Amino acid sequence: TESPESFRKTLRGRLRETDGGLEVQLTAEALSPPLVEELRRGQIQRVFVIGQGTAAVAGEAVARALVLTLTGSDVAVQAITATELSGFHIDGPMDDTLVVAISQSGTTTDTNRTVDIVRGRGARVVSIVNRRGSDLVDKSDGVLYTSDGRDVEMSVASTKAFYAQIAAGFLLAVAIAEHVPGASSDNADQQPLLAALRNLPDAMTSVLERRKEIGVAAQRHVLSRRYWAMVGNGPNTVAAREVRIKLSELCYKSIACDITEDKKHIDLSSEPLIFVCAAGLQGSNADDVAKEVAIFRAHQAAPIVVATEGENRFKAALEVISVPETHPELAFVLSTMVGHLFGYEAALSIDGSARPLRQARGLIEGYVNPIEPDWFDRFGQEVEPYAQQFFDGLRTHQFDGHLEASTAVKLASLFRFATAQSRFEAYQVEFGKVGTPGVIVDDLAIALTEAIEELTRPIDAIKHQAKTVTVGISRSDENLLQNDLARAVLATGCPRDRLTYATLRTLAAVDPAIAEVTGHTRYRVEGDVTGQATIHVIDKAGIAAGLVSRAERDPVLRGTKHRVAVERSAIVTVGSDGRVVLIVPEVKDRETTGLTLCHVKLASALDAPMARSVLQGYRNRYRQLVDVVTEREPTFRDDLLADVPVVELLTAPISDVAARW
């Protein structure tokens, strides 16, 4: 639902109204003067658009836009995954090559490694990225931020990032063509495309308003079909590939993706649900896709078509979902949005099919320790409605698509035993053990759990994602918040997004050494911390509420606070009043914008293993201590760490601590 605004923000300030119509105006941050000069001289002869996963799919759309705008020039354009480029297309010097790298986070390891390789061979790199200050930004000659560079969607499945990448890619394609000799950059030809690009967020909003209709289509067809496929042709191939990714992530399906006309040559015998991306198709292309849809239907497949409003050629489809009319080169965006909503609603529908099973399992919890002699009869009566809902679902094929056959058979049998429709004597024949009321209820609980797990689709907690490694946004980051010290720092009002990964690591490491946070003072930092910056108190609480901060008398940033602001690294220190404090930097775009000072009580003591763990994670003090000690001693004795007061471990000069050895 945030996608239209993210798309609009990506265009803001870059697509402008002038006397001659709409123009794309990118700053030197995106197209640097040296790159512009190389484009004008005709030095750039190849453009590779790279990414991984969703970013690679967006790259296919960006490459299509470049082909469109560079028509008439000698520049060759190719969309390719980053790993394929680095593995098979690095062929000597690349001084004639521009690489457009697309990444949501800017930390995708495969993409960044490829960028390192091509830059080493002389290629220019322009990146389309969401995140300011990320690794990819540092590696690029130019950067085009999606949205405002801070609208980062740290989730799977990501949607608004994809749309914003499309917006940025079309802007970049038009801007590059203006500097390439021979490119057909006729302003009159570009105006319809640019106008459609500007109006696309409104069309996207219109699609969002049709969510209920899309949800009904999903509920009607996704539960009974085990096999799914995505198809599209022309620009809609991009939509099909992107929708395939999101549906597979949301619904836990391995989904085929094909060119529309090729589908009839592949696997129609599986009678799949086929999501047909056909928005923006015109003339004979639309006629041909309509014929394909009729073929799908004749083979007992279930075609669901996304088409432009007013299009009536797809009467053979089970469902036709209409989207607003827009430029044919951009209509695939609306196909994609319908697909994203369809995937979300499909996951909700699959998850909802487990509701009676969850209710039945909840009922069982009330019978953990039954004491009434007739408890099993009462249980059978109470579980009967849920069993009936399950059998109704079986009859109407509602579980055919997502429940394993063995699970369904076992659950059906156990429901019959639980409701006294089957005799206890048959239990041993079927399940290999003597059937008693307790055994039946226990086995039913296990079977219900298995069925629920097969049907559950936790949309906001998708499992089995390799992206937790490849894009650098790891769940371990959130684990770093699961300690008392990090919670205490956040409780002061320090924003989560101002705590860097390094700071969170430090807080997690120091946590065992902190017994309590007794108060805090938060400061706002103004100015350049490497020059004459100042700090101003914005909040105080706990024991700090009754203390007068030096910054209230003299706001110049100096001393340990200045050190923390410059290094952007948390520190434990002893103040001039003898109080132990933790100073945490608040960082935005690699600039310290504030400081959170926490008054702390230290642990009375740490055993040697814990002391070592704390020092290893805190400003590398363990390694420093070992190095100083082993200058004079043959070995370093970890056991002596337990004898050092905690305040010395964290705050004393390393040389003073080392003297104990």
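Computed from a predicted structure; not experimentally measured.

Student: Can you explain the sheet that holds strand β16 (residues 580–588)? Please cite residues and give values.
Tutor: Overall, antiparallel pairing links the five strands, which are arranged β14-β13-β17-β16-β15 in an open sheet. Both outer strands of the open sheet, β14 (534–542) and β15 (571–574), are each paired with one neighbouring strand and no more. Within this sheet the neighbouring strands show an average axis-to-axis angle of 30 degrees, counted without direction. Relative to strand β17 (residues 591–602), strand β13 (residues 514–526) is paired through nine bridges, and the arrangement is antiparallel. Bridging from a neighbouring strand, I514 pairs with L602 of β17.

Student: Quick rundown of unusual backbone geometry? Include the residues and the values.
Tutor: Despite not being glycine, Q300 shows a phi value in the positive range, around 65 degrees. Structurally, the position occupied by Q300 is in the loop between α11 (283–298) and β11 (302–308). One non-glycine residue, R568, lies in the positive phi region at around 55 degrees. For R568, a relative accessible area of 33% gives the class partly exposed.

Student: Any details on the sheet that holds strand β8 (residues 228–232)? Residues and values, ideally.
Tutor: One open sheet accounts for five strands, arranged β9-β8-β10-β11-β12; its pairing is parallel. Lying at the two open borders of the sheet, with one neighbouring strand each, are β9 (256–259) and β12 (319–323). Here the strands of the sheet are splayed against their neighbours by 20 degrees on average, with no regard to which way each runs. Bridge analysis of β8 against strand β10 (residues 273–277) gives five bridges, and the strand direction is parallel. Looking across to β10, one finds that W228 is bridged to L273.

Student: Explain helix α9 (residues 211–221) to me, and be specific about the residues and the numbers.
Tutor: Every buried residue of α9 is accounted for by I214, G215, A217, A218 and H221. Buried residues of α9, viewed axially, fall in a sector of 160 degrees; they line one side. In α9, the exposed residues that point more than 90 degrees away from the buried face are K212 and R220. Of the surrounding elements, those touching the buried residues of α9 are α8 (187–208), β10, β11, β12 and α12 (331–352).

Student: Got a sec to walk through the pattern of salt bridges? Specific residues and values, please.
Tutor: Scanning the entire structure with this criterion turns up 42 salt bridges. Between R423 and E425 there is a salt bridge; the shortest N-O distance is 3.6 Å. Classification of E425 by relative accessible area gives exposed; the value is 56%. A salt bridge links E552 to K540, with the shortest nitrogen-to-oxygen separation between them at 3.4 Å. Of this pair, E552 sits in helix α22 (residues 550–553) while K540 sits in strand β14, and the two are twelve residues apart along the sequence. Since its relative accessible area comes to 45%, E552 is described here as partly exposed.

Student: Explain the confidence of the model for the protein chain residue by residue, including any values.
Tutor: On average, residues of the protein chain score 91 in pLDDT, and 95% of them reach the 70 mark or higher. In this model, residues 466–477 is a region of pLDDT below 50 whose contacts with residues beyond four sequence positions or in other chains number 21 contacts.

Student: Got a sec to walk through the pairing of strand β5 (residues 97–103)? Specific residues and values, please.
Tutor: Among the seven residues that make up β5, seven are buried, leaving the element largely enclosed by the rest of the structure. Of the two faces of β5, both are covered, the one formed by T97, V99, A101 and S103 as well as the one formed by L98, V100 and I102. Pairing geometry for strand β3 (residues 46–50) and β5, over five bridges, is parallel. Among the inter-strand pairings, R46 is bridged to a residue of β5, identified as T97.

Student: Tell me about the nonpolar core, and name the residues and values.
Tutor: Counting residues in each nonpolar core, the largest one holds 91 residues, and the members touching the most others are I176, V222, W228, F275 and F342. The element that contributes the greatest number of residues to this core is helix α7 (residues 160–177), accounting for 13 residues. For I176, the contacting residues outside a window of four places in its chain are L31, L39, L66, L70 and L98. Residues A513, Y523, L625 and W661 belong to the second largest nonpolar core, which totals 55 residues.

Student: Talk me through the packing of helix α13 (residues 355–364) against helix α17 (residues 437–455); I want residue IDs and the actual numbers.
Tutor: Axis separation between α13 and α17 bottoms out at 9 Å; the angle between their running directions is 150 degrees. Our classification of the angle between α13 and α17 gives roughly antiparallel. In terms of crossing hand, the pair formed by α13 and α17 is left-handed. Only V441, L444, A445, L448, T449, A451, I452 and L455 of α17 make contact with α13, whose side of the interface consists of L357, R358, A360, R361 and I364. Taken together, the residues of the contact of α13 with α17 sort by class into ten nonpolar, one polar and two charged.

Student: Explain the packing of aromatic side chains residue by residue, including any values.
Tutor: One pass over the full model with this rule turns up 16 aromatic pairs. Relative to Y163, the ring of F162 has its centre 5.7 Å away and its plane inclined at 75 degrees; by these criteria the two rings are edge-to-face. The exposure classification of F162 matches that of Y163, with both residues buried. Measuring from ring centre to ring centre gives 6.4 Å for F376 and F379, while their planes differ by 25 degrees; the resulting arrangement is stacked. Taken together, the positions of F376 and F379, both in helix α14 (residues 375–395) and three residues apart, correspond to about one turn of that helix. A residue is classified by how much of its surface remains accessible, and F376, at 10% relative accessible area, is buried. Since its relative accessible area comes to 0%, F379 is described here as buried. Through a chain of ring-to-ring contacts, the aromatic side chains of Y367, W375, F376, F379 and F424 assemble into a single cluster.

Student: Hey, could you go over the environment of V293 for me, with residue numbers and the actual values?
Tutor: Structurally, the position occupied by V293 is in helix α11. Separated by 263 residues in the primary sequence, V293 and A30 place their C-alpha atoms 43 Å from one another. Those residues in contact with V293 that sit more than four places away from it in its chain are V276, P303, V305, F314, A316 and A317.

Definitions and cut-offs
Once a new chain begins, its residue numbering starts again from 1 and follows that chain's sequence as written. Thresholds applied to this predicted model are a pLDDT of at least 70 for local features of residues and 80 or more for the giving and counting of side-chain atom pairs; totals over whole chains, interfaces and linings are not thresholded and use all residues. Computation of side-chain values: all heavy atoms of the structure, hydrogens and water removed. At least two DSSP bridges between two strands are needed for those strands to be called paired. Counting from the N terminus, the helices are DSSP H or I runs at least four residues long and the strands are E runs at least two residues long. Whenever a helix is involved, its axis is fitted only over the stretch in contact; in every case the axis is a line through C-alpha atoms, and angles between N-to-C directions fall within 0 to 180 degrees. Each residue gets one of three labels from its accessible area relative to the maximum for its type: buried under 20%, exposed over 50%, partly exposed in between, using a 1.4 Å probe on protein chains only. The directions considered for the arc are those from the helix axis to the C-beta atoms. By definition in these notes, contact holds between two residues if any of their heavy atoms fall within 4.5 Å. One side-chain nitrogen of Lys or Arg within 4 Å of one carboxyl oxygen of Asp or Glu is enough to make a salt bridge. Values of pLDDT, ranging from 0 to 100, describe the predictor's confidence in every residue of the model. What is meant by a nonpolar core is a set of buried Ala, Val, Leu, Ile, Met, Phe, Trp, Tyr and Cys residues, joined one to another through side-chain atoms within 4.5 Å. For classification purposes, an angle smaller than 35 degrees is called roughly parallel, one larger than 145 roughly antiparallel, one from 65 to 115 roughly perpendicular, and anything else oblique. For any pair of crossing helices, the crossing counts as left-handed if the nearer helix is rotated counterclockwise from the farther one by less than a right angle, and right-handed if it is rotated clockwise. Here the term charged refers only to Asp, Glu, Lys and Arg, the term nonpolar to Ala, Val, Leu, Ile, Met, Phe, Trp, Tyr, Cys and Pro, and the term polar to all other amino acids, Gly among them. Each aromatic pair joins two rings of Phe, Tyr and Trp (for Trp, the six-membered one) with centres within 6.5 Å, and gets the label stacked for planes under 30 degrees apart, edge-to-face for over 60, and tilted for any other angle.

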